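# Survey of secondary and tertiary structure
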Number of protein chains: 2
Amino acid sequence: KALARSGIELRCQCISTHSKFIHPKFIQNVNLTPSGPHCQNVEVIATLKDGREVCLEPTAPWVKLIIKAILDK
Amino acid sequence: KALARSGIELRCQCISTHSKFIHPKFIQNVNLTPSGPHCQNVEVIATLKDGREVCLEPTAPWVKLIIKAILDK
């Protein structure tokens, strides 16, 4: 599990990021948290339909594509 | 309040969307929910730093720009 906790936290939530492609059909929602005083990293956390939460790499092209696909659908 | 409830719901969460630009500095996080059996709309919900939750229009250019800005920061 690469996620410290869910919800609004006072520190970074992602310890590591999932590197493999996840098909959008498995994604229930995606949460984007800008960097800020609580954490210097942008954090992208996907909740999967099976309930798992995974941290994604904000700079990965496939992550940007998935987000674009959700918005454009 | 244009938001029915927060969390994972079995129906649409957004009743209406906020039409005015919100500066990214006021945004704590953004949650993207693809359309699905629970709701036919893509839902974009921003949590502001003052705790308010606002629904944004996924097709609005400024909403896409804010999401891009968060990812690229």
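Below you will find a few notes about this structure. Keep in mind that what you see is a predicted model, and the values were worked out from it rather than measured.

Here we come to the state of the cysteines. Under the criterion given, the structure shown has four disulfides over all chains. Cys12(A) shares a disulfide with Cys39(A); S-S distance 2.1 Å. A torsion of 95° about the S-S bond marks the disulfide between Cys12(A) and Cys39(A) as right-handed. With a gap of 27 residues between them, Cys12(A) in the segment before strand 1 (27-33) and Cys39(A) in the loop between strand 1 and strand 2 (43-48) connect regions that are remote in the sequence. Exposure remark for Cys12(A): the relative accessible area of 25% places this residue in the partly exposed category. Here Cys14(B) pairs with Cys55(B) through a disulfide, and the sulfurs are 2.1 Å apart. Its S-S torsion of about -85° marks the bond between Cys14(B) and Cys55(B) as left-handed, since a negative value means left-handed. Of the two residues, Cys14(B) is situated in the segment before strand 1 (27-33) and Cys55(B) in strand 3 (residues 53-56); the sequence distance between them amounts to 41 residues.

Bringing the interface of chain B and chain A into the picture now. Across the boundary between the two partners, chain B contributes 20 residues, which contact 20 residues of chain A. Across the chain B to chain A interface the summed buried area is about 2,000 Å²; carbon plus sulfur atoms make up 61%. The largest share of the area that chain B buries against chain A comes from Leu32(B), Ile70(B) and Leu71(B), three residues that together contribute 31% of it. Remark: the boundary between chain B and chain A carries two salt bridges. For Asp72(A), the salt bridge identified is with Lys64(B), shortest N-O distance 2.6 Å. At the surface where chain B touches chain A, the tally comes to six residue pairs in polar contact (both at pLDDT 80 or more). Listing elements by their share of the side of chain B that touches chain A, those giving two or more residues are strand 1, strand 2 (43-48) and helix 1 (61-72) of chain B. Here the side of chain B that touches chain A takes seven residues from strand 1 of chain B, the largest share from any one element.

Analysis parameters
Residues numbered from 1 in each chain as written. Chains lettered and ligands numbered in written order. Predicted model: local features only at pLDDT ≥ 70, side-chain atom pairs only at ≥ 80, totals over all residues. Heavy atoms only, no water. Disulfide = S-S within 2.5 Å. Helix = DSSP H or I, 4+ residues; strand = E, 2+ residues; numbered from the N terminus. Buried < 20%, exposed > 50% of the residue type's maximum accessible area, 1.4 Å probe, protein only. Contact = heavy atoms within 4.5 Å. Buried area = accessible area lost by both parts, 1.4 Å probe. Salt bridge = Lys/Arg side-chain N within 4 Å of Asp/Glu carboxyl O. Polar contact = N/O pair within 3.5 Å; in protein donor to acceptor, adjacent residues only side chain to side chain.

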